[in-house]
Structure formats: structure tokens, C-alpha cells
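Spelled out from the first residue to the last, the chains are:
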Amino acid sequence: MLEMKFDFDGLIQLLACNLYSEKRVFIRELIQNAHDAIMRRRAKEGDAFVGKISIETRPDELRFVLRDTGIGMNKNDLIEYLSTVGKGATRIARKEQDIEGLIGLFGIGFLSAFVVASRVEVRTRRLGEQEGWVWQNSGNKDYTIDPCEVSEPGTTVTVFLKGEEEKGVIHKEKVQKVIRDYTDFLKVPIHLNGSSEPINVMRMPWEQEGRSRQEISLDTRIYLEKTMRDSVLEAIPVQLPELNTSGVLYITRSRTFQRQLPRAVRLFVNRMFICEKETDLLPEWAQFINGVICSGDQTLTLTAARDNFIRDENLQLLQDALGNLVVKHLEELSQSNPKRFSEILRFHDLSIKAACWYHDEFFDKFADLLQWRTNKGEPTTTYTGEFTHQWRTLSQVLEELPHPEGKSQPLPYFSDTNAANQYFQMADAAKTLVVDASYPFEQNLIKEYEKRAKGKIKLVAVDREEDPNVFQELHEQADVKLKRLAEHMSQVIRPGGTGRIRVEARYFEPTELTAMIRSTEESTGGMKARELLSDPNTPEDLREMAQEMMRMSHNSALRLILNAGNPMVRLLAKQSFDNPNVLDIMLGIYNSSILYNQELMTPQNARIFYDDFQKLLRRDLDYIIEKADLQRQAEDLEKQRQAMQKNQKEGKKPKHLIFFLMTPLENTYQPFIETVREVIENHFGCQLFVASDKQYEDTVIENVRYHMDQAHSFIAEVTDANPNVMFELGAARFDLRERPIVLMRKNNNQYLPVDLQGRIYVDYGEKEGQELAEYLETQLRADERIKPLLNKTGRERYISPKFLKAVTKMQYLEDKIWQILAEQYPTKEAWQTASLDRVKEILGENDDLAEPVLNRIKQGISGMSS
Ligand code: ADP
Ligand code: MG
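Residues numbered from 1 in each chain as written. Chains lettered and ligands numbered in written order. Predicted model: local features only at pLDDT ≥ 70, side-chain atom pairs only at ≥ 80, totals over all residues. Heavy atoms only, no water.

## Points about the overall build of the protein
Note the following rule: Helix numbering and strand numbering both begin at the N terminus, where a helix is a DSSP run of H or I of at least 4 residues and a strand a DSSP run of E of at least 2. Under the scheme applied here, a residue whose accessible area is under 20% of the maximum for its type counts as buried, over 50% as exposed, and between as partly exposed, the area being computed with a 1.4 Å probe on protein chains only. Contact between two residues is taken to exist if any of their heavy atoms lie within 4.5 Å; hydrogens are not considered. Residue burial considers only the protein chains on display, and all accessible areas are found by Shrake-Rupley using a 1.4 Å probe.
When you go through the protein residue by residue, the secondary structure sums to 29 helices and 25 strands. The 866 residues of the protein split such that 50% are buried. Relative to all contacts within the protein whose residues are 6 or more apart in sequence, the contacts with residues 24 or more apart total 67%. Per element, the accessible surface of the protein, about 44,700 Å² overall, is 50% carbon and sulfur.

## Focus: the pairing of strand 2 (residues 63–68)
Along any regular strand the residues' side chains alternate between the sheet's two faces. The criterion, for reference: When DSSP finds at least two bridges between two strands, those strands are taken to pair.
Here strand 1 (residues 53–58) pairs with strand 2 via six bridges, running antiparallel. Across the sheet, the residue bridging to isoleucine 53 is aspartate 68, located in strand 2. Here strand 1 hands over to strand 2 after four residues, with leucine 62 in that stretch at a positive phi of 55°. Relative to strand 6 (residues 154–161), strand 2 runs antiparallel, the two being bridged by six bridges. Looking at the pairing, arginine 67 lines up with threonine 156 of strand 6.

## With respect to the side chain of histidine 656
Going by this rule: Two N or O atoms count as a polar contact when they lie within 3.5 Å, although within protein this holds only if one can serve as hydrogen donor and the other as acceptor, and sequence-adjacent residues are included solely when both atoms are side-chain atoms.
Along the chain, histidine 656 turns up in the loop between helix 19 (603–649) and strand 21 (658–662). Side-chain polar atoms of histidine 656 contact the side chain of glutamine 687, separated by 2.8 Å. Once you skip the residues sitting within four places of it in the chain, histidine 656 turns out to touch Gln687, His712, Glu796, Tyr798, Pro826 and Thr827.

## Topic: unusual backbone geometry
In this chain, glutamate 509 is followed by proline 510 through a cis amide linkage whose omega measures -5°. Residue placement: proline 510 occurs in the loop between strand 18 (500–506) and strand 19 (515–518).

## A word on a nonpolar patch on the surface
We apply this condition: Each patch groups residues whose relative accessible area exceeds 30% and which form no salt bridge, using 9 Å between like charges and 5 Å between nonpolar side chains of Val, Leu, Ile, Met, Phe, Trp and Tyr. By definition, a salt bridge exists where a carboxyl oxygen of Asp or Glu is found within 4 Å of a side-chain nitrogen of Lys or Arg.
On the surface, Leu621, Tyr623, Ile624 and Ile625 cluster together into a nonpolar patch covering about 400 Å² of accessible area. Topologically, tyrosine 623 is positioned in helix 19.

## A closer look at the confidence of the model for the protein
Basically, it comes down to this: Confidence of the predictor in every single residue is expressed as pLDDT, which spans 0 to 100.
Chain-level statistics for the protein give a pLDDT mean of 84 and a share of 89% at 70 or above. At the level of individual helices and strands, the protein shows its lowest average pLDDT in helix 21 (residues 700–710), which scores 66, and its highest in strand 2, which scores 98. Scored below 50 in pLDDT, residues 694–699 shows 15 contacts in the model against residues more than four places distant or in partner chains.

## Section: the site of ligand 1
To keep things clear, this is the line we draw: One heavy atom within 4 Å of a molecule or strand is enough for the residue carrying it to be called near that molecule or strand. In this count, Pro and Cys sit with the nonpolar residues alongside Ala, Val, Leu, Ile, Met, Phe, Trp and Tyr, while Asp, Glu, Lys and Arg are called charged and the others, Gly among them, polar.
If you check the shell around ligand 1, you find 19 residues, and the closest are Asn33, Ala89, Thr90, Leu105 and Gly107. Contacts to ligand 1 include glycine 107, whose backbone N or O atom sits 2.8 Å from an oxygen atom. For ligand 1, whose unbound accessible area comes to 530 Å², protein coverage reaches 96%. Of all the elements in the fold, those that place two or more residues in the shell around ligand 1 are helix 2 (25–45), helix 3 (75–82) and helix 4 (89–97). When residues in the shell around ligand 1 are grouped by element, the largest group, three residues, is from helix 2. Of the residues that constitute the shell around ligand 1, the class distribution is nine nonpolar, eight polar and two charged.

## Some remarks on the sheet that holds strand 5 (residues 143–148)
What counts here: Here the axes come from fitting lines to C-alpha atoms, over the contacting stretch only for helices, and the angles between their N-to-C directions go from 0 to 180 degrees.
Sheet architecture is open: seven strands sit in the order 5-4-3-6-2-1-7, paired in mixed fashion. The sheet terminates laterally at strand 5 and strand 7 (190–192), the two strands that pair on one side only. Across the sheet, the mean angle separating the axes of adjacent strands is 15° when strand polarity is ignored. In the sheet, strand 1 pairs with strand 7 via three bridges, with the strands oriented parallel.

## Re the packing of aromatic side chains
Put simply, the test is: Classification of ring pairs uses Phe, Tyr and Trp, with its six-membered ring standing for Trp, and accepts pairs whose centres are within 6.5 Å; under 30 degrees between planes counts as stacked, over 60 as edge-to-face, and the remaining range as tilted.
Evaluated as defined, the whole model comprises 21 aromatic pairs. Note on phenylalanine 288 and phenylalanine 362: the rings are 6.3 Å apart at their centroids and 50° apart in plane angle, and the pair reads as tilted. On the criterion of sequence distance, the pair formed by phenylalanine 288 in the loop between strand 11 (272–275) and strand 12 (289–295) and phenylalanine 362 in helix 10 (residues 360–366) is long-range, its members being 74 residues apart. Accessibility classification places phenylalanine 288 together with phenylalanine 362 in one group, the buried group. Pairing phenylalanine 362 with phenylalanine 366 gives two aromatic rings, centres 4.7 Å apart and planes at 20°, and the pair type is stacked. Of this pair, phenylalanine 362 and phenylalanine 366 both sit in helix 10, four residues apart, which is roughly one turn of that helix. Overall, the relative accessible area of 0% leaves phenylalanine 366 in the buried class.

## Describing the nonpolar core
Considering soluble globular proteins, one finds that nonpolar side chains tend to be buried as a cluster. Selection criterion: Here, the term nonpolar core denotes a set of buried Ala, Val, Leu, Ile, Met, Phe, Trp, Tyr and Cys residues that are joined through side-chain atoms within 4.5 Å.
In terms of nonpolar packing, the biggest core is built from 68 residues, with Ile55, Phe64 and Val159 touching the most fellow members. Apart from residues no more than four positions distant in its own chain, isoleucine 55 is found in contact with Ile31, Phe64, Val65, Leu66, Val175, Ile179, Ile190, His191, Leu192 and Asn193.

## Things to note about a negative patch on the surface
Here is the rule: When charges are counted, neither His nor the chain ends are considered; positive counts come from Lys and Arg and negative counts from Asp and Glu. In this description, the location of a charge corresponds to atom NZ of lysine, CZ of arginine, CG of aspartate or CD of glutamate.
Judged by side-chain charge, Glu626, Glu814, Glu845, Asp847 and Asp848 come together as a negatively charged surface patch. Judged by relative accessible area, glutamate 814 falls into the partly exposed class, the value being 48%.

## Side note on the side chain of glutamine 287
Inspection of the secondary structure puts glutamine 287 in the loop between strand 11 and strand 12. Among the polar contacts listed, one links the side chain of glutamine 287 to the backbone oxygen of glutamate 284, at a separation of 2.8 Å.

## Here's the deal with the packing of helix 25 (residues 801–808) against helix 29 (residues 850–862)
Filter applied, for reference: Should an angle lie under 35 degrees it is considered roughly parallel, over 145 roughly antiparallel, and from 65 to 115 roughly perpendicular; all remaining angles are considered oblique.
One can describe the packing of helix 25 onto helix 29 by two numbers: an axis separation of 9 Å at closest approach and a directional angle of 110°. Overall, the two elements helix 25 and helix 29 adopt an arrangement that is roughly perpendicular. Contacts between helix 25 and helix 29 involve Phe803, Leu804, Val807 and Thr808 on the former and, on the latter, Val853, Arg856, Ile857, Gly860 and Ile861. Class assignment of the residues belonging to the contact of helix 25 with helix 29 gives a composition of six nonpolar, two polar and one charged.

## Remarks on the pairing of strand 10 (residues 265–269)
With respect to burial, strand 10 is a largely interior element, five of its five residues being buried. Residue alternation in strand 10 divides its side chains into two sets, Val265, Leu267 and Val269 and Arg266 and Phe268, and both sets are buried. Of the pairings in the sheet, the one linking strand 10 to strand 12 comprises five bridges and is parallel in character. Each bridged residue has a counterpart across the sheet, and for leucine 267 the counterpart in strand 12 is isoleucine 293. The turn joining strand 10 and strand 11, which pair antiparallel and follow one another in sequence, is formed by two residues; a positive phi near 50° is taken by asparagine 270.

## Structural notes on the pattern of salt bridges
Evaluation of the coordinates by the stated rule reveals 50 salt bridges. When the shortest N-O distance is used, the salt bridge between lysine 615 and aspartate 584 registers 3.2 Å. Placement of lysine 615 in helix 19 and of aspartate 584 in helix 18 (residues 580–596) is noted, with a sequence separation of 31 residues between them. For lysine 615, a relative accessible area of 41% corresponds to the partly exposed category. Here the salt bridges share partners, and the residues they tie into one network are Asp349, Lys353, Arg373, Asp436 and Glu442.

Right, here's the structure in full:
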């Protein structure tokens, strides 16, 4: 039999490079041995024995000393365990005495000291024995054991460093950090360089030991915030006695998505730190969870390097248990504090939905807790800046939606990105609910949800199918114009970004929405493709793909649904489609729907909208200007009316003669009226008022009275005894100023009031036109009461609007202008002093014609016989 041999240097090399690649771990290993020795002594003497580890670090002397009050070693222990690689009393103690919390196992940790040491010295005295021993090794196979004086049971290990380059490892701060990092929770006090207080906390923040829940959760919180890299959104206590595991998990405040963020799951085994980024402890879906887990080494099997654990079925058990804890916690929170639950879900919306999609087992548990953006369900009258949505679970949505008996329950949703505006507004108006499934994973998840409901629910994609509850057909006859409008728009609108657009009209709520756009996936794709093709930076392979996409989308169309209930749409349907302005409005409707469906906003669309809007804005501006002009003209008229009234009130009498004609105003009397006007205005140079000439006053009676007041004489046509004429006649006859009244009639076989019988009439029979004019002129000139009026000296000659129009030969100016001019300058004399500025003012936008107008009138007047 031969003994296997090994090379000490080679072994240390192996340890240094593979197991203990970090030099500082030798401190961990020595502390751990001291800890185990104290635990073994405690097992003997009872829990009253606390024990103590004291560390002295002297970097300047290249010396590191670690003293424990543990069980110590006798000569046999030194030979059998300390000096035998791969063998230790710890392992035996675990088995034979069943001591809890021992850390050592492999019997190699002590060797780690030689990674940094040129020499190691161990002074020790076994508990219950008197003899002390000093063990020395200078970094090779040979060691010495000599008896020596040791005052108390326990062990002191002194490490003499190889040289200056090892010094850094044992700087006080470095040592302190190793203690805090690895051994903070060990239940043995550790003192450094004579500190009076231990520098390890010993107790895990979530360990109870007679503390209240609040204290625990506060401590836990402080510990996490102090030692973890990220921040805690919600802490989830972990107490799994059956798996020898405790600790705390938390929902991180850092948003994680698809493992882009470093995760932090810190693991302690037997209270000793193992590793810090071990996400395998948690189920894969738990991307938004970090934490601190403390397990026993019965649950997790460690590697010899003590920086990882073996993947075995125990790990699987632990993983499942931790995952369940998270789901259970969230479930409970959804009941006890729904508001906070929703906030958390929203914060991690994307990663939670991703987790649901990638991990069936998570979706199994979480499907009904997931929250979705839905509309409010009530019509919102005020727009608050942001589109108002409400988060609901799918089961909440289903609860609020109608459930037709014996059929699957319809669940409306849409997946068009950025289309929430229009669908939410419509659903609100219809007082129903719709689910926004347009964010990543959501469409998949909602379909999966439907699948799992096994026919109980039926998805309705409101952006792809037409929901008859939302869209109502046009009325066959009443809405022909709308149908025509839709057909016309289909033909004339050539969208910039896509191939074609189909326009249809339907009734849907809310009626404020003029139209809505629906895009198929292909049409959106087409738009994106066009965008890629127009970008010079698009690489060649992408360009090819875009071309392919364009080809595919060639036959797909956007759909524009006009809202038949919208007042503007209805008004538009009544306009003439040949009018280019009307076409602009059609484009405007299309544009605004695209804008409302933000997804379709491509740079090309933006450019087209910009141009179209400019046009509409320009039109609006024109309209404003025109309206202001009209307003000004109305004001002018009003001013003149007031001026006339003022003249009248001040008793200023016109200097020309005014005849008031009382006559029925029906069309059959128009030739008669015109003839009388011809005689009075052109032959006599007087003004003729007919009650309807100007509607200055609000009521007919006021109007009539105003004119009657001004008149010098009256002519009444009484053939038909027209009530208005009779009324006016009555008024004139009771006038105290005794103005002459001339009664006219076609014949005398009519019934007339007693009062008017037996008076003198001008019977003009069937006379018309020229004949009537001549007859009328002779009759009036012969009238004894009229004659003095006509012959009165100083009477000025009236210039009628008709004359002004004729003499200026400007037929195209509105009649209104001649009327205003005639009012301003009613007589020949008034025209002599007419001001060019005033004429300009009256001509308004035609003011450049003022001079010729004035000249021609003056010429016309001077050529007139007086
Ligand atoms: P392990 O700790 O895995 O058993 P080590 O190489 O660290 O292996 O230690 C070997 C053995 O040396 C231990 O099992 C223990 O019997 C003994 N030993 C080491 N350090 C001490 C100590 N401070 N007090 C008592 N015994 C010790
Ligand atoms: Mg050890």
C-alpha cells in the first residue's frame, strides 16, 4: 500500500485561484472556524455561554490575529483535524451532536490563510483540559506542535503576511467590511481592535425575539434601504419554517423589464453571507422582485467556495414557495388596500404583464389581478388635459358589462396603439366599457384570457370589427345625402401616407366626434413603410423589407367612419360638393380623425395636415374680415337711422316734399306702385314713401307711423279696402295737421266704409303704365290741396336712389348704397355741397369709385330740368 501524496504549494495555488479567488475570504474562513468552535462550546455549556471573537489587525506589522473563546483544540485535534486537509471536527460534530448553525463542512477553509500568509501560528487550549499547544506552519507540508502556556480555553490564530502587497487586505476598514458583509448576522459578538461593542449586528432585522410587527418592518426597511442598491416599493416578509428559510422580498422601485436591470437577491446560508445576485432563488417571472433570503444548509447545498449553491430539487421547492409568497401577498393587498395594490401594479405594469405572458404559471395565478386601462364608463363633459382612464381587472370589466343569456359574454377591446382617445370617448358616450390592450403583451394576454375562459367570454375587437351596439346604420331615405357625402369623400380623399380610404357614414356616440378612423394592421404597416422609404438613413435591407410591406398593404385601406349624428357632418352633406371650400372641410374632417388616432401620425401626414390647416385658417380669417365688414355696414345703417330720427325729433323738416303712399303691397300692386313713384319722384321731384320701403322700425306700426309723420301728403289706394290701407288711412285722417289725402280706386262699385263714401276719388280704371302716369299727374296737379304744395317757393328737388343709379351707370353697386346716398343727400341742393369723404365712407370697399360717382351725379343733376 502506498500513500497518496500532494504538493502543498500546488494545493494552495489551486485554492487561491479557484476557491478563494478573493484574498479577503481568509478572514471569513477564520471567523467561521471561531464561530463553529464557540457554537460547539455553547452546545456543551448551554445557551448562557455567549463566547466572543476578538480580531486584532496590525497591517504595519503585517500581522493579523483572531482570538476565540471556543472549544479549543488538543494535540490530537491539531493533528487530526487542523492539519488534515479535507477533514474537520465540525462535520463530525454536525453528525454526532446535531449542533445547529455550524458552518464548516469541507475541512479545507483553514488553508485559505496560506493564500496571504508566509507563516501561521495557532495557540490553543481544549475546553476541560489544562495543556496548551502552539501549532506553527510556514507555508508547506511541515508543521510543528509544541506545548505552551494558554491561560483560557479557546484558540488564537496569528497570520503573518507574505509581504507588503498583502497589507491592504487587513486594513481595519477592509476587515470591518468583511465582517459586515459576511458575518453580520452570526450569533457571536465580534470585536475589532479592542472595540467595546461588537461590530456585527447578530440579529436579522426580521427576527422576532419579542418585537412588534411594526418594529420588525421598520428595521427591515432600514436594513434594505441601507444595504441594497435599489429602493423598496413594497416589502414582502418571508417566513418559511418548513424550508428553514426567512428573510424579506420586496417589489423594487426600479423598473425592470426583460432583465435589463441588475437584480439583487442576497443569500445567507446558516446566517453567513453567500452571494448577492442570485436571481435563481426566485421564479423567472419575478423580475420586479428583489430581496434577502436566509436559509439553512439543509435546504440549499453550498459549493466548496461558499459563493454559490447546487441547483437541486430543494431549490425548486424554495423557488416555488417564494413565488407563491409574492402572489399571495399581492392577492391580500388587493383586498386590504386596493388603491396601493393598483399603484404597485401600474408601476410595474409592463414587467408584470411580460411575466404573465412568458410564464404560464404566473398568469394562472395572476390573470384576475392584472389591471387594464379602461374608459371611465360615463360621458365626460370636460377635457382635463389628459385622457381620463380607469384601471380595472378583466373580471371587474366583465361584471359591469351586459351578459346575454345563453351566449358568451362579449368583451370589447382594442389593440391599436394610441387610439385610446377615440375608443374611450365613444365607449363613454355609449355608457359601456372598452379595454385598451394596445401596450406590449396586452393583446396576447387578453386573447389568452379569452382562451382560458373556455367560451364563457368572447372578445370583440372594436378597432377591427364593427360593434352593432356602437355603430348604427343610416336611415334608408332620410340619410341619402349622408350616403352621398361618404361616397363622394371616398373618391376625393387621397390620403398622403396610405393607399386609399374608404368612407362610410354611421350613427355613433358621442355626436361631438365628427368621424373616426379605423386602421387595419396592414394599413398602419404601409404607413410605417413609406416613412422608412423616405428616410435616407434607412439601410438597404430595411428598405427592401419596407418595399415588401408597401406591396402587402397595397390593397388594405383605412376606414373613415363619419358620424351621421354630428351636426357639422349633416350640414356638410347638404352643401354643394363642387365648391372647393367644401372639399377642404372634408379633408379637415379626415385630418382631424387621423390626429385623434395618434398612431397614424407620420411625418408625411404632418406635412399634409400643416398645409390643409393653413388653408382652413386662411379661410377662417377671410370669414372674420367679411363678418367685420358686414357688421360695419349694419352699424352705418343704424347711425343713419338714428340721425334721421334725431332730425325728426328736433323738428327739422326735410326741404323737399314727401308723399306717403298707402297701398296693398301684394305683387299685383307693384306696377301701380312703380308708376306712382315715377310720377312723384321724377315728374314732381318729390319723395315717395311706401310703408315697406324701409324697415327701420321693429314693428310695422312703428314703421308706418315714422313715415307718416314725415309725409306732407297722402295717396291711398282703396279699391280692395285692404285692412292695412284702411288702418293707415284712419291714422292719417285723424291727424291734426290736416295734410291732404288723395283717394284712388279702379272703380266705384266696391264696398267702402260709410265714412269714405261720397268723397272725391281718382278713378283710374284699367289704366296702366304711361297712360296711368299721365292721368295721375294731371289729377294731382289739378288737386286744389296739392297744387300749393308743389308750387311753394324754396321747395328743393328730391333726388331718388333710382335716379342716382341710373345717372352713375353703376348698376353693379348694391341698391342699398343708392338708398343711403339718397338719404344723406336727398335733394339737388344737398348734392351741391356733398363731401367726397362721406361718399367714400358710404361706398365702403368700393370707395375708389367715390369720385366718378360724385361727378356723374353732379353732372346728371345739373342737366336736369327744374
Ligand atoms: P472546516 O471548518 O470545514 O471543518 P477548516 O479547514 O476550516 O475546515 O478547519 C478544519 C478543522 O480544524 C475544523 O473542523 C476544526 O476541527 C479545526 N479548527 C479550525 N479552527 C478552529 C478553531 N478556531 N477552534 C477549534 N477548532 C478549529
Ligand atoms: Mg472552516
